[in-house]
Amino acid sequence: MASIFTRIIEGEIPGSFILKQERWVAFLDINPVSPGHILLVPRQEVALLPELDGASLAETGAWLARLDCALRQVTGCAAVSVLLRDGPVAGQEVPHLHWHLIPRHSGDRAHHFASGSYASDEERERMRAALQAALDRVQG
Ligand code: AMP
């Protein structure tokens, strides 16, 4: 059975997409640790980093850096937590590889990674659109 992220990628389940590329997509986490929390997900459905195909792997760093940059521009965050839970024992709940990018603010205590929520669908859509526009600028 397809993972929940594959079902989002294929449009069966709604997603707030910031990025749709040949090998990678990015969308907002439905329960953000802080507003703007992004998931960067390969289209290839593998659970673990060592299983990822070489072409996708080679692009990983560039997408992480661009999304990090877009997050800083849009949220004004002081830092970004970039997190991969590479297997269930590391806390991975969705068995489809994904990087978390979490905006961090001074004193936010978000290192506890307690999930939150958006106040409304409109608020989430505003965040999604702002991040997508910032990412377009970052890519030039
Ligand atoms: P992990 O614990 O690293 O596997 O993280 C899984 C993440 O997927 C969690 O932060 C969830 O909030 C997020 N998530 C689960 N379902 C959805 C969904 N339908 N749309 C967006 N994010 C989701």
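Scroll up a little and you will see the structure.
Now for a quick tour of the structure. (Residues numbered from 1 in each chain as written. Predicted model: local features only at pLDDT ≥ 70, side-chain atom pairs only at ≥ 80, totals over all residues. Heavy atoms only, no water.)

### A look at the pattern of salt bridges
Here comes step 1: Taken as a whole, this structure holds 7 salt bridges when the rule is applied.
Here comes step 2: Between arginine 124 and aspartate 121 there is a salt bridge whose closest N-O contact spans 3.3 Å. You can see arginine 124 and its partner aspartate 121 sitting in helix α3 (residues 121-139), 3 residues apart, about one turn around the helix.
Here comes step 3: Since its relative accessible area comes to 23%, arginine 124 is described here as partly exposed.
Here comes step 4: Overlapping salt bridges bring together Glu22, Arg23 and Glu59 as one network. (Salt bridge = Lys/Arg side-chain N within 4 Å of Asp/Glu carboxyl O. Helix = DSSP H or I, 4+ residues; strand = E, 2+ residues; numbered from the N terminus. Buried < 20%, exposed > 50% of the residue type's maximum accessible area, 1.4 Å probe, protein only.)

### Examining the pairing of strand β5 (residues 99-104)
Here comes step 1: Most of β5 sits inside the fold, with 6 of its 6 residues counted as buried.
Here comes step 2: Where strand β3 (residues 38-42) and β5 come together, 3 bridges link them in antiparallel fashion. Bridge pairing links isoleucine 38 to leucine 101 in β5. (Pairing = 2+ DSSP bridges.)

### Considerations on the pairing of strand β1 (residues 17-20)
Here comes step 1: Looking at chain direction, β1 and strand β2 (residues 24-28) are connected through 3 bridges and run antiparallel. Paired with leucine 19 across the two strands is alanine 26, which belongs to β2.
Here comes step 2: Hairpin connection between β1 and β2: a loop of 3 residues separates the two successive antiparallel strands.

### Section: the state of the cysteines
Here comes step 1: Using the criterion set out here, one finds 0 disulfides in the structure.
Here comes step 2: Sulfur of cysteine 77: no disulfide; nearest cysteine sulfur belongs to cysteine 69 and is 10 Å away. (Disulfide = S-S within 2.5 Å.)

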